[in-house]
Amino acid sequence: MKLFYSPFHTFIHKVLVTAHEGGLWQDITFVPTYPFKNRQGEDQGDAYSIAALNPLDKVPTLALDSGQVVYGSQAVAECLDSMSRSGRHLYPANGPKRWDAITRLALADTMFENTVMLAMEGWLPEEQQRIDFFKWIWPKIIRGCDALEVACKDGFDGFDIGQAAMLHAISYMDFKVNFYDAKDPLYPEFDCFDKRPNLEAWWQDAIQRPSVTSHYNVDFEGDDSAAYLQQQVALTLEAQQ
Ligand SMILES: N[C@@H](CCC(=O)N[C@@H](CS)C(=O)NCC(=O)O)C(=O)O
């Protein structure tokens, strides 16, 4: 199977964690995709577009060997987890533990998407940035961090998809590293671990997992050209015939 994904490893990718925990690393052809180059690269045009596979033209997108395409990180993670070879599953069986895990998944994923929105607003020239937008989004992120602190204080029974999403969201909040050169008008020095010792202790432990060290802060090595990507898109379309 092919995973079209962003090769930026300055943050932790939930779908990579899921794939690694499931022992699927060797089954995946990693296809680096730069969604923003479609719009920002002066001479890139649609070179990195995967719209032929995913109408939203977003990563992550998973193409199975049958040609079936699964997109949306939650769908991709669930699909990968169902194929686990390691016997480890990140989705608990129906019941309170599952509702807790998938609720944290929803919380952390939404925090991540809100952080992306802040970053995109932060890219605008200062005079075009909407302060009301920052004021609307930030309380969601702060309350979210508080909720995660409580969850970490209570502790977890094993590693679940909610924690994979927490790793993703929190790693992206390292604004100095992740696309957030612009000074945030409200919280330029935001530190999600400040006064959240349980969250920090959980983080320090969780980032030791092989599913994290496999890619976090590890440069992608391999073909990340647009030509390679389009070849993989074409192979997927062929498999659908
Ligand atoms: N809800 C989607 C969000 C994915 C997403 O927004 N991906 C971004 C990169 S972080 C993307 O591909 N953006 C390109 C675009 O929106 O055109 C998911 O969970 O997969």
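Residues numbered from 1 in each chain as written. Predicted model: local features only at pLDDT ≥ 70, side-chain atom pairs only at ≥ 80, totals over all residues. Heavy atoms only, no water.

We now examine the environment of E149. For E149, the position within the fold is in helix 5 (residues 131-154). The class of E149 is buried, set by a relative accessible area of 12%. Through-space distance from the C-alpha of E149 to that of C192 is 9.6 Å; in sequence the pair is 43 residues apart. Not counting residues within four places of it along the chain, the set of residues in contact with E149 comprises R196, P197, N198 and L199. (Helix = DSSP H or I, 4+ residues; strand = E, 2+ residues; numbered from the N terminus. Buried < 20%, exposed > 50% of the residue type's maximum accessible area, 1.4 Å probe, protein only. Contact = heavy atoms within 4.5 Å.)

Glancing now at the pairing of strand 1 (residues 2-5). In strand 1, alternate side chains face the same way, and those of K2 and F4 on one face and L3 and Y5 on the other are all buried. Viewed along the sheet, the connection from strand 1 through helix 1 (residues 14-21) into strand 2 (residues 29-32) turns out right-handed. In terms of strand pairing, strand 1 meets strand 3 (residues 61-63) through three bridges, oriented antiparallel. Within the sheet, the bridge partner assigned to K2 lies in strand 3 and is A63. (Right-handed = clockwise from strand over helix to strand, strands pointing away. Pairing = 2+ DSSP bridges.)

All told, the structure shown has 15 aromatic pairs when counted by the stated rule. Centre to centre, the rings of F11 and Y172 are 5.2 Å apart; their planes meet at 85°, and the pair counts as edge-to-face. Residue F11 is located in the loop between strand 1 and helix 1, and its partner Y172 is located in helix 6 (residues 161-172); the two are separated by 161 residues in the primary sequence. For the pair shown, F11 and Y172 are each scored as buried. With centroids separated by 6.2 Å and ring planes inclined at 80°, the aromatic side chains of W203 and Y216 adopt a geometry described as edge-to-face. (Phe/Tyr/Trp six-rings, centres within 6.5 Å; stacked < 30°, edge-to-face > 60°.)

Glancing now at the domain arrangement of the protein. As far as domains go, the protein holds domain 1 (2-89 + 215-239) and domain 2 (96-213). The C-alpha-based centres of domain 1 and domain 2 are spaced at 22 Å. Across the boundary between the two partners, domain 1 contributes 21 residues, which contact 24 residues of domain 2. Buried surface at the junction of domain 1 and domain 2, summed over both partners, amounts to about 1,700 Å²; 62% is from carbon and sulfur atoms. (Domains from an automatic or database assignment. Buried area = accessible area lost by both parts, 1.4 Å probe.)

Counting 43 residues, the largest nonpolar core has L167, W202 and W203 as the members making the most contacts within it. Taken together, the elements giving at least two residues each to this core come down to helix 4 (96-123), helix 5, helix 6 and helix 7 (197-206). When near neighbours in sequence (up to four residues on either side) are disregarded, W202 contacts C152, F156, Q163, M166, L167 and I170. Counting 15 residues, the second largest nonpolar core, distinct from the first, contains M1, Y5, V76 and L80. (Core = buried A, V, L, I, M, F, W, Y, C linked by side-chain atoms within 4.5 Å.)

Bringing unusual backbone geometry into the picture now. The residue after V59, namely P60, is reached through a cis peptide bond having omega 0°. With respect to the helices and strands, the residue P60 is situated in the loop between helix 2 (37-40) and strand 3. At D57, a residue that is not glycine, the phi angle is positive and equals roughly 55°. If you trace the backbone, D57 turns up in the loop between helix 2 and strand 3. Residues other than glycine seldom take positive phi values, yet K195 does so here, at roughly 60°. K195 gets classed as exposed once you look at its relative accessible area, which sits at 73%.

Buried within helix 3 (residues 73-82) we find S73, V76, A77, C79, L80 and D81. On its buried face, helix 3 is in contact with strand 1, helix 1, strand 3, strand 4 (69-71), helix 4 and helix 6.

Here E121 shows up in helix 4. Separated by 2.7 Å, the side chain of E121 and the backbone nitrogen of R130 make a polar contact. (Polar contact = N/O pair within 3.5 Å; in protein donor to acceptor, adjacent residues only side chain to side chain.)

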